[in-house]
Amino acid sequence: MLETPVFIERRARIAARLGLDSEVLLVGAGHPVPLPENSDQTYPFLAHVEYHYLAGLECPGALIAYDPQEPPAHRWVSFVPTVTEDERVWEGRTQPPGRPLETLDAWLTRRRGRPLAALGEPPRGFAPDLATTARVRDLLKHARREKDAHELALLRRAAAATAAGYEAVAPLVRPGVSERTLQIELEAAFLRAGASGTGYSTIVGAGSNAAVLHFAPTARVLQDGDFLLVDAGAAVDRYVCDVTRTHIVGTSSPFRRDLHAVVLAAEERAIARCLPGAEWRDIHLAAAVDLVEGLVAMGVMRGRPEDLVARAAHTLFFPHGLGHMVGLGVRDASGTAPGRARSTDPALRNLRTDMPLAPGYVMTVEPGLYFIPPLLQDPARRDRFHDAVDWDLVDRHLHVGGVRIEDNIVVREDGPPENLTAAIPKQAS
Ligand code: GLY
Ligand code: MN
Ligand code: MN
């Protein structure tokens, strides 16, 4: 990957965006992390995303370096450790391209006295300039928010594998099937359809488990009338999708059907708002108003939706942000616009992604409504929002679970946003 046109072009584009002058940049892949019991086992190795993005390699211990004062063809240099006999024998590793890692010292010595930014996993034994590192990291993060054609192609493959997984489990959703069985079939179908793995830990939650935002599947068996929430995505070459669908198992009650319909309508409206220049926080707040409007119509909340959102009353049932960036990792380059601090406004407190959208950004859009006992039984919240909620009705549905619907959306220069995961059906049953 390192020397393919995609990565040569990408590094040149990123270098122009970083605008470095005298600073020297090192980006480390990182090292495998041993399991705590200190055996010869490690957690699966994933190179630091900043390294992977620039080098396209998954090489433990490797680094890529950049010196803006070299002639253009020599600015980026790859350093790789020499593969040992043990690594060849036990792991089948081969020597990746690049200069021997032992020559990094000499390379850096020739640049002594210049500010050093150390991204990725910082190399051991060097003293980077912390302020320069933080500034360059922010610039890199912002520069890689727009996905290039190669990244979008990988995301489309991840989306196809993800769709194959959801298609495989759809006929299995019925009373008597366990969360674990659905996880197994979903993940197997991802792999059969070309995925290299899952993008994150698969979430399968039935009944009240659907209200646990990151629920790990268990042997629990689906019951007639349950919500079933599945949040899972395939990974292809480190690029991942992040998709949620919620079904009603067997017989659906009007209350559950209404809750699902409210979330689905809010999701579709939020997707349509993903246009260049739109502020993510505004799309989040508009979705919160849509969700609250639905809850008011269902008799769960009381009042004017805009006023309820201004009071942050929506966070009782919608306690997370509308979504995040997705791509190279499930959170990709999420965060705030350069120079923007996280909002302390209670209505926006849960929003970890806060930036204007631009063409090429890929966002999850994932509104949800949940009945989460630890939030809804909290006396302080009940007191603050005594007038905003029909608490008797809430108590009657306290263990109903929740609904989330999540798609992966590409912001486009012209025309409406593209839904990469539109092929996965969203109906309740
Ligand atoms: N899959 C976790 C999330 O939706 O962010
Ligand atoms: Mn998700
Ligand atoms: Mn997500």
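Provided above is the structure to which this section pertains.
Presented here is a report on the structure given in the accompanying data block. (Residues numbered from 1 in each chain as written. Chains lettered and ligands numbered in written order. Predicted model: local features only at pLDDT ≥ 70, side-chain atom pairs only at ≥ 80, totals over all residues. Heavy atoms only, no water.)

Looking at the coordination of the manganese ion (ligand 2)
So, step 1. At 2.1 to 2.3 Å from the manganese ion (ligand 2) lie its protein donor atoms, namely Asp231 (OD), Asp231 (OD), Asp242 (OD) and Glu406 (OE).
So, step 2. For the manganese ion (ligand 2), the 6 donor atoms are set out with angles of 57 to 171° between them, so the coordination reads as irregular.
So, step 3. Here the donor residues for the manganese ion (ligand 2) map to a single chain with the spacing D-x10-D-x163-E.
So, step 4. Between the manganese ion (ligand 2) and the manganese ion (ligand 3), both coordinated by aspartate 242, there is a metal-metal distance of 3.3 Å. Here aspartate 231, found in strand S8 (residues 227-232), pairs with glutamate 406, found in the loop between strand S14 (402-404) and strand S15 (407-410); they are 175 residues apart in sequence, far enough to count as distant. This pair shows no difference in class: aspartate 231 is buried, exactly as glutamate 406 is. (Donors = N, O, S within 2.8 Å, 3.2 Å for Na, K, Ca; no water. Tetrahedral: all angles 85-135°; square planar, octahedral: opposite > 155°, others 65-115°. Helix = DSSP H or I, 4+ residues; strand = E, 2+ residues; numbered from the N terminus. Buried < 20%, exposed > 50% of the residue type's maximum accessible area, 1.4 Å probe, protein only.)

Here's the deal with the coordination of the manganese ion (ligand 3)
So, step 1. Those protein atoms acting as donors to the manganese ion (ligand 3) are Asp242 (OD), His324 (NE2), Glu366 (OE) and Glu406 (OE), and they sit at 2.1 to 2.2 Å.
So, step 2. Between the 6 donor atoms coordinating the manganese ion (ligand 3), the angles at the centre fall across 50 to 156°, so the site counts as irregular.
So, step 3. Note on glutamate 406: relative accessible area 0%, which makes it buried.

Overview of the site of ligand 1
So, step 1. Neighbouring ligand 1 are Tyr200, His214, Asp231, Asp242, His324, Arg331, Glu366 and Glu406.
So, step 2. Contact with the protein chains removes 93% of the 200 Å² of surface that ligand 1 exposes when unbound.
So, step 3. Broken down by class, the residue content of the shell around ligand 1 amounts to 1 nonpolar, 2 polar and 5 charged. (Near = heavy atom within 4 Å. Areas by Shrake-Rupley, 256 points an atom, 1.4 Å probe, with all protein chains shown as cover. Nonpolar A, V, L, I, M, F, W, Y, C, P; charged D, E, K, R; others polar.)

Quick word on the sheet that holds S15
So, step 1. On the basis of which strands lie adjacent, the open sheet formed by 3 strands has the order S12-S15-S16 and antiparallel pairing. With one partner strand each, in any of the chains shown, strand S12 (362-365) and strand S16 (418-419) form the two edges of the open sheet.
So, step 2. Note that S15 and S16 share 2 bridges and pair antiparallel. Looking at the pairing, isoleucine 409 lines up with asparagine 419 of S16. (Pairing = 2+ DSSP bridges.)

Here's the deal with the nonpolar core
So, step 1. If you look at the biggest cluster of nonpolar residues, it comprises 64 residues, and the most contacted ones within it are Trp280, Val300, Met301, Phe317, Leu369, Phe371 and Val394.
So, step 2. Per-element tally for this core: the top contributor is helix H9 (residues 280-297), with 8 residues.
So, step 3. With residues up to four places along the chain from it excluded, the contact list for valine 300 reads Phe255, Leu295, Phe317, Phe371, Ala388, Val389, Asp390, Leu393 and Val394.
So, step 4. Counting residues in each nonpolar core, the second largest holds 61 residues, with Ala15, Leu18, Tyr53 and Tyr166 among its members. (Core = buried A, V, L, I, M, F, W, Y, C linked by side-chain atoms within 4.5 Å. Contact = heavy atoms within 4.5 Å.)

Points about the environment of valine 240
So, step 1. Counting through the fold element by element, valine 240 comes out in strand S10 (residues 239-240).
So, step 2. Valine 240 sits 27 residues away from glutamate 267 along the chain, and the two C-alpha atoms are 20 Å apart.
So, step 3. Not counting residues within four places of it along the chain, the set of residues in contact with valine 240 comprises Leu155, Ala158, Gly199, Ala234, Ala235, Val326, Gly327, Gly329 and Val330.

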